[in-house]
Number of protein chains: 2
Amino acid sequence: MLSDIEIADAAELRPVVDVAKEALGIDPAHLVPYGHHKAKVDLGYLQSLDDRPLGKLILMTAMSPTPAGEGKTTTTVGLADALSALGLSSMACLREPSMGPVFGMKGGAAGGGYAQVVPMTDINLHFTGDFAALAAANNLLAALIDNHLQHGNTLGIDVRSVDWKRVLDLNDRALRDVVVGLGGTPNGYPREDGFDIVVASELMAIFCLTESWADLKRRIGDIVIGYTRDKTPVTARELDAHGAMAVLLRDALAPNLVQTLEHTPAFVHGGPFANIAHGCSSVVATRAALRLADYVVTEAGFGADLGAEKFVDIKCRKSGLRPDAAVVVATVRALKFHGGVEVPDLASEDLGAIERGMENLARHLRNVREVYGIPCVVALNRFPGDTDAEVARVVELVEALGVRTYPATHFADGGAGATDLANGVLKLLENAEGLKFSFTYPDELPLKEKAETIAHRLYGASIVTWDNKAKRRIERLEKDGYGGLPVCIAKTQYSFSTDATLRGAPTGHDLHVREVRLSAGAGFVVLVCGDVMTMPGLPVTPAAARIDLLDDGTIVGLS
Amino acid sequence: MLSDIEIADAAELRPVVDVAKEALGIDPAHLVPYGHHKAKVDLGYLQSLDDRPLGKLILMTAMSPTPAGEGKTTTTVGLADALSALGLSSMACLREPSMGPVFGMKGGAAGGGYAQVVPMTDINLHFTGDFAALAAANNLLAALIDNHLQHGNTLGIDVRSVDWKRVLDLNDRALRDVVVGLGGTPNGYPREDGFDIVVASELMAIFCLTESWADLKRRIGDIVIGYTRDKTPVTARELDAHGAMAVLLRDALAPNLVQTLEHTPAFVHGGPFANIAHGCSSVVATRAALRLADYVVTEAGFGADLGAEKFVDIKCRKSGLRPDAAVVVATVRALKFHGGVEVPDLASEDLGAIERGMENLARHLRNVREVYGIPCVVALNRFPGDTDAEVARVVELVEALGVRTYPATHFADGGAGATDLANGVLKLLENAEGLKFSFTYPDELPLKEKAETIAHRLYGASIVTWDNKAKRRIERLEKDGYGGLPVCIAKTQYSFSTDATLRGAPTGHDLHVREVRLSAGAGFVVLVCGDVMTMPGLPVTPAAARIDLLDDGTIVGLS
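These figures come from a predicted structure and were not determined experimentally.

Looking now at the pairing of strand β4 (residues 90–94) of chain B. Residue and element names in this part refer to chain B. Counted residue by residue, β4 has five buried out of five residues, so it is predominantly covered. Alternating positions in β4 separate into two faces, Ser90, Ala92 and Leu94 on one and Met91 and Cys93 on the other, with burial throughout. When β4 meets strand β14 (residues 265–268), the two strands line up parallel, connected through three bridges. By the bridge assignment for β14, Cys93 is matched with Phe267.

This is the structure:
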């Protein structure tokens, strides 16, 4: 089979104005083109659609993944394509890839095989400049903080408390912990600082939860950058930073329209991490897609314990959006992985491991249906090595749980490989199961109890413990009036617990909160459980070494 | 008079595809649109024009400026507009503004008054993403350097010698001197580092001197990032960084087409500092413009001792481009400033000061004509406070030097205010003065003698002195085979000397070289004389504080 970039380069793309016009009825006057195959859709136009009926919103989530990922993005694309092929009006809503992994180890994030969004190289590189705009706005605030300290610190900021980090869209471990302001009087006050990757920033989360330009500016103004010496929060608004930052994000806030290999329209917009932030593409894009198409498939990061929980408890809670159905992606290899098979051995048939690993998928399905109250099916994303016996056993075991399961081969076959899945989703949407959408916890529960509710209801943990500093911080946040915010749990995606090696469906474990961070602009409180990487490093041989530009301008080596 | 942004926002722009088609004969298929009023022109198409005859190249330079600047950009736009209004095919080639000054003190750099390029807000903010692409490529190399150190340092790089800095397109003094790699083993080896503003980077200089994608990759590969412990230069090529960096700059290398307020086409592409780098817009854009238009007006930074010298000795030397004429911008206030008047008093009529200050302009004119061998006229850029007597005295004094002088009012009147200037330039182009274009020094002169030649011939200095470290470095560069490169002198723009307070036309001074930097990829050796700012700071009240986004998406406060 060809590589992702070979498939993408060989694709015949349609002009994005034609995709917009024919699939979505958008007049070219409402598009801001970026080349011939990418466009932003005018925000004012999208807001004018507010009285149109809403399409059906289908959430793509997954069981706990293996390190290779289980194919949520490809399944999102494959399902949207399959719905289109059935003659229905459908769209995909995806996150924008970060350039860090593109030049690091993981590669791009525009789908794969015959289930990709294109132009693949553009989407994986600068795209329409959204991440660059976010970095500029984020770093302008950082510069304004240090500038305020330099010019007399009239707000009385405690320099030790400043926790607004700088960002780059790059994997660069050397920037995780730095000291800035060295070199003497003209260069400011030395202080400890650090850089995060753009996707880990609060500003990215704000961007993805924002409804409008006014809301964007308000949320940015609410950002707490640190504290005064008497522990009063200091906001971006007090630094007069929010207007200029909003200006830098003005154009970026309009969603980016592209197409799949099969010309299904897709919004690719925003891309927050699913640990430190909520891991969903932008509210602006999802809301617009629901006005433009009858079926909208959107993805939330990592497994259903992380991305889907935050989709429900943060994105839906904040925006009023409601999913009509969910698809939980499972793979034979992930089931075997949770059944105790190590990565190098995943290629061998092992029905016993599948049976053992099923407890992981079963808990995710229970959470989606019984906690979030979302009707769901399972998409079994087939890989070439999966045996028919393995696939049959998965179907049998999942259906015994009362959930329909559809093997799908969209990676190799495009939308045609997901036709059964598409029909299954349509059937699910027609025959509502009587489930009632619900948040995991109510707004008014204290922050600590929110964490306990998630830990007990979703993770199977028996207790939540706190580092002393984390405990003090969360008590302070309750006092400062942030107790009504939802929590955003940052933990490993490989386990329901905080221990990546604890596979399957562990119970009785301890959810230990190491650190508490306030994202006042985004509107949530991050509970850091275990190690969370907010600035990845590069491997011994980074992908950058094989990415190259030929003399004729051809790009090679992207994956 | 309205503010710059009010004038720009009130302008009726033509679709960039129409400007391209009607003014330049470019088919829409060769454009990559960024919205409706900006486009990149396909590089392959531009290269296909190589057998077309060349238009006339007009260099816009200036006398030594006051801190407020004398209006080279507005005069470039005004002259291009005036030539267009005469029915001629003309283009302007300008540098892209940096966002640092936009949010700092100076403001934007898209011209001013009725001599602007538009869309003004786009050009002053993210534009087509070129600077973001440069920052990403620059910082990828930095990450790859630290990653190489972390994973065993097989090249044997001396960590103390690494002088490839990171960059942001921002004024941020706290990042001038930093320590990176703190936090223990996972984060690498601690080392001293710093951030420059993008426009001060070698990569920006490379970008602006590059001829093609292949040339871009070769130059990036030649970048010397530091030395091994036995003093061998280490290049970006040895780190396998050049291919990926070139990929990040692939699209950026195509020039950006916009229009003036009067719909004259303009390339706005690249923007290197005129001190640490050569201060001219891109070779790709200038070369393309000369194939597309009969008259191309392009600007070099600061006064003719800095920007024009580098235009001649670096840009022309490297590219083979040759200017047909030069316009030297003078102002009444700059003449008075060089005649000893302080900034707060510049508004008062002072004919004596003009006479005294004339020695500054006279030396620039002599340099342009007798050293560079470029026929020239003076554009006297009129300001509202200039008295008729002052203007008449300037004309009289300059013409006594044998140079025609044209008062111009394009700031207030657009192209119509520069009609006399345009006619004067046309006359100059018709009646070549028998001058022969020449570099200030030949390639084969040793680096030290190159500096001496510039100091003596252009600056009126009597000797060149060297810090010990600078002397050792330049001797080392000769030994390492870099002696054939041109030099790029970084000094204050306010004086022919390195002392900003020495106005007029000083003689007998000492050009002291404090530091030597190799820009092996760009192809020059930087001689730092005096203090050179490669990362500006923000003022007490930065422009960011008054820049704002209204609820309807209107941007206010840009200047």
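Read on, since the account is not over.
As a further point, take the interface of chain B and chain A. On the side of chain A, 66 residues touch chain B, which itself brings 66 residues to the contact. Where chain B abuts chain A, roughly 5,500 Å² becomes buried across the two surfaces, and 65% of that area is made up of carbon and sulfur atoms. It is Arg173, Val247 and Leu549 of chain B that lose the most area in chain B upon contact with chain A, and together they represent 11% of the buried surface on that side. In this assembly, chain B and chain A are joined by four salt bridges. For Asp172 of chain A, the salt bridge identified is with Arg166 of chain B, shortest N-O distance 2.9 Å. One can count 35 residue pairs in polar contact (both at pLDDT 80 or more) joining chain B with chain A.

What follows deals with the sheet that holds strand β23 (residues 524–528) of chain B. All names here are of chain B. Strand order in this open sheet of three strands is β20-β23-β22, and the pairing throughout is mixed. Only two strands of the sheet have a single neighbouring strand rather than two, namely β20 (487–490) and β22 (515–519). With direction set aside, neighbouring strand axes in the sheet form an average angle of 25°. Pairing of β20 with β23, which is carried by four bridges, proceeds in the parallel orientation. Bridge pairing in β23 links Ala490 to Val528. Lying over the sheet, helix α18 (residues 447–459) contacts β20 and β23, oriented at roughly 55° with respect to β20. Packing against the sheet, helix α19 (residues 468–479) makes contact with β22 and β23, and its axis sits at approximately 30° to β22.

Residues and elements named next belong to chain B. Judged by how many residues are buried, strand β3 (residues 56–62) sits mostly within the fold: six of seven residues are covered. Note: β3 against strand β16 (residues 325–330), five bridges, orientation parallel. Bridge pairing links Met60 to Val327 in β16.

All names here are of chain B. Where helix α9 (residues 213–222) contacts helix α10 (residues 242–249), the axes come no closer than 9 Å and their chain directions differ by 135°. Taken as axis vectors, α9 and α10 run oblique relative to one another. As for how α9 packs across α10, the hand of that crossing is right-handed. Of α10, the residues touching α9 (which contributes Leu216, Lys217, Ile220 and Gly221) are His242, Gly243, Met245, Ala246 and Leu249. Among the residues making up the contact of α9 with α10, the classes are represented as five nonpolar, three polar and one charged.

With that settled, the discussion passes to the confidence of the model for chain A. With 100% of its residues at a pLDDT of 70 or more, chain A shows a mean pLDDT of 96. Among the prediction metrics, the complex's ipTM stands at 0.96, with pTM recorded as 0.97.

Take a nonpolar patch on the surface next. All names here are of chain A. On the surface, Met1, Leu2, Tyr114 and Phe411 cluster together into a nonpolar patch covering about 400 Å² of accessible area. Take Met1: it is sitting in the segment before α1 (4–10). Of the residues examined, Met1 reaches a relative accessible area of 65% and is grouped as exposed.

Let's shift gears to the domain arrangement of chain A. Residue and element names in this part refer to chain A. The domains assigned to chain A are domain 1 (4–128 + 252–331 + 360–430), domain 2 (130–249) and domain 3 (447–529). Inter-centroid distance (C-alpha atoms) of domain 1 to domain 3 is 28 Å. Area buried by domain 1 at its contact with domain 3 is led by Ile276, Asp305 and Arg363, which between them contribute 30% of it. Along the contact surface separating domain 1 from domain 3 lie one salt bridge. Measuring nitrogen to oxygen at the nearest pair gives 2.7 Å for the salt bridge that ties Asp305 to Lys491. Taken together, the links from domain 1 to domain 3 amount to nine residue pairs in polar contact (both at pLDDT 80 or more). Residue assignment for the side of domain 1 that touches domain 3 shows that the elements contributing at least two residues are α12 (304–319) and α14 (351–371).

Before going further, it helps to spend a moment on the pattern of salt bridges. Pairs can form between side chains of opposite charge once their charged atoms are near each other. Residue and element names in this part refer to chain A. Counted under the stated rule, the structure contains 64 salt bridges over all chains. Note that Asp222 is salt-bridged to Arg237, the shortest N-O span being 3.1 Å. Linking Asp222 in helix α9 (residues 213–222) with Arg237 in the loop between β12 (233–235) and α10 (242–249), this pair joins segments that are 15 residues apart in sequence. Its relative accessible area of 34% is what places Arg237 among the partly exposed residues.

Residue and element names in this part refer to chain A. If you walk across this open sheet you meet the three strands as β20-β23-β22, and the pairing is mixed. Strands at the two margins of the open sheet, each flanked by one partner only, are β20 (487–490) and β22 (515–519). If you compare each strand with its neighbour and ignore which way they point, the axes differ by 25° on average. The strands that helix α18 (residues 447–459) touches are β20 and β23 (524–528); relative to β20, the one it contacts most, it runs at about 55°. Contacts from helix α19 (residues 468–479) reach β22 and β23 within the one sheet, and its direction differs from that of β22 by about 30°.

Moving on: the UniProt feature "binding site: ATP" (unreviewed entry) in chain A. All names here are of chain A. What UniProt calls "binding site: ATP" (unreviewed entry) maps, in this numbering, to Thr66, Pro67, Ala68, Gly69, Glu70, Gly71, Lys72 and Thr73. As for its placement among the helices and strands, Gly71 is situated in the loop between β3 (56–62) and α4 (72–85). Aside from chain neighbours lying at most four places away, what touches Gly71 is Val329 and Asn381. Given the relative accessible area of 13%, Lys72 is considered buried. Aside from chain neighbours lying at most four places away, what touches Lys72 is Met60, Thr61, Ala62, Glu299, Ala300, Gly301, Phe302 and Val329.

Bringing helix α12 (residues 304–319) of chain B into the picture now. All names here are of chain B. Taking 1.5 Å per residue as the helical rise, α12 with its 16 residues ought to reach 22 Å, whereas the 19 Å between its terminal C-alpha atoms falls clearly short. Bending of α12 peaks at approximately 30° at the position of Phe311. Where burial is concerned, most of α12 is hidden: 15 out of the 16 residues are buried.

Looking now at the relation of the copies chain B and chain A. Note on the identical chains: chain B maps onto chain A by a rotation of 180° and an axial translation of 0.0 Å, with an RMSD of 0.0 Å. One copy is carried onto the other by what is essentially a two-fold rotation axis. Across chain B, the smallest distance between a C-alpha and the rotation axis is recorded for Tyr34 of chain B, namely 2.3 Å. When the interface residues of chain B are mapped onto chain A, 100% of them are again interface residues, pointing to one common binding face.

With that settled, consider the packing of aromatic side chains. By the definition in use, this model includes four aromatic pairs over all chains. Seen in terms of ring centroids, Phe195 of chain A and Phe195 of chain B are 5.3 Å apart; in terms of plane orientation they differ by 0°. Their pairing is stacked. In this pair, Phe195 of chain A sits in strand β10 (residues 195–197) while Phe195 of chain B sits in strand β10 (residues 195–197), so the two residues belong to two different chains. For the residue pair Phe195 of chain A and Phe195 of chain B, the accessibility class agrees, reading buried in each case. Look at Phe437 of chain B and Phe439 of chain B: their rings are 5.6 Å apart centre to centre, the planes differ by 85°, and that puts the pair in the edge-to-face class. Classification of Phe437 of chain B as buried rests on a relative accessible area of 18%. You can call Phe439 of chain B partly exposed: its relative accessible area is 24%.

With that settled, the discussion passes to unusual backbone geometry. With an omega of 5°, the peptide bond between Val118 of chain A and Pro119 of chain A qualifies as cis. Inspection of the secondary structure puts Pro119 of chain A in the loop between β6 (115–118) and α6 (120–124). Positioned with a positive phi, Asp240 of chain B is a non-glycine residue whose angle comes to about 55°. Here Asp240 of chain B shows up in the loop between β12 (233–235) and α10. If you check the backbone angles, Phe302 of chain B has positive phi at about 55° while not being a glycine. Within the fold, Phe302 of chain B resides in the loop between β15 (295–299) and α12. A residue is classified by how much of its surface remains accessible, and Phe302 of chain B, at 23% relative accessible area, is partly exposed.

Below, the discussion takes up the side chain of His509 of chain A. Among the secondary structure elements, His509 of chain A is positioned in strand β21 (residues 509–513). When neighbours within four sequence positions are excluded, His509 of chain A is seen to be in contact with Tyr459, Gly460, Ala461, Ser462, Ile463, Phe496 and Ser497 of chain A.

What counts, and where the lines are drawn
- Counting starts from 1 at the beginning of each chain's written sequence and moves along it residue by residue.
- Here every chain gets a letter starting at A, and every ligand a number starting at 1, in the order they are written.
- Confidence filtering applies because this is a predicted model: local features only for residues at pLDDT of at least 70, side-chain atom pairs given and counted only at 80 or more, and all residues used for totals across whole chains, interfaces and linings.
- The side-chain numbers reported here are obtained from all heavy atoms of the structure, hydrogens and water having been left aside.
- A 1.4 Å probe rolled over the protein chains alone gives each residue an accessible area, and that area as a share of the maximum for its type sets the label: buried under 20%, exposed over 50%, partly exposed in between.
- Strands are runs of DSSP state E lasting at least 2 residues, helices are runs of H or I lasting at least 4, and numbering of each runs from the N terminus.
- At least two DSSP bridges between two strands are required for those strands to pair.
- Should any heavy atoms of two residues lie within 4.5 Å, those residues are counted as being in contact.
- Accessible surface is computed with a 1.4 Å probe, and the buried area is the amount of it that two parts give up when combined, taken over both parts together.
- What makes a salt bridge here is a side-chain nitrogen of Lys or Arg within 4 Å of a carboxyl oxygen of Asp or Glu, nothing more.
- Here a polar contact is taken to be a pair of N or O atoms separated by no more than 3.5 Å, where protein atoms must pair a possible hydrogen donor with a possible acceptor and residues adjacent in sequence count only if both atoms sit in side chains.
- Axes here mean lines fitted to C-alpha atoms, for a helix over just the part in contact, with angles spanning 0 to 180 degrees between N-to-C directions.
- Here the word oblique covers every angle except those under 35 degrees (roughly parallel), over 145 (roughly antiparallel) and from 65 to 115 (roughly perpendicular).
- A clockwise turn of the near helix away from the far one marks a right-handed crossing, whereas an anticlockwise turn of less than a right angle marks a left-handed crossing.
- For this classification, the nonpolar set comprises Ala, Val, Leu, Ile, Met, Phe, Trp, Tyr, Cys and Pro, the charged set comprises Asp, Glu, Lys and Arg, and every other residue, Gly included, is treated as polar.
- Scored from 0 to 100, pLDDT records how confident the predictor is in each individual residue.
- Like-charged residues are merged into a patch within 9 Å and nonpolar side chains (Val, Leu, Ile, Met, Phe, Trp, Tyr) within 5 Å, provided each residue has over 30% relative accessible area and no salt bridge.
- Note that accessible areas follow from Shrake-Rupley with a 1.4 Å probe, and for residues the cover is restricted to the protein chains shown.
- Note that the domain bounds were set by an automatic or database domain assignment.
- UniProt positions are given in the numbering used here, feature names are shortened, and annotations may be inferred rather than shown by experiment.
- Expected helix span is computed as 1.5 Å times (number of residues minus one).
- A residue's bend is the angle separating two fitted axes: one through the seven residues that end there, the other through the seven that start there.
- We superpose the copies by least squares over the C-alpha atoms of residues that have a pLDDT of at least 70 in both of them.
- Geometry of aromatic contacts follows a simple scheme: Phe, Tyr and Trp rings, the Trp one being its six-membered ring, pair when their centres are within 6.5 Å, and the pair is stacked under 30 degrees between planes, edge-to-face over 60, tilted otherwise.

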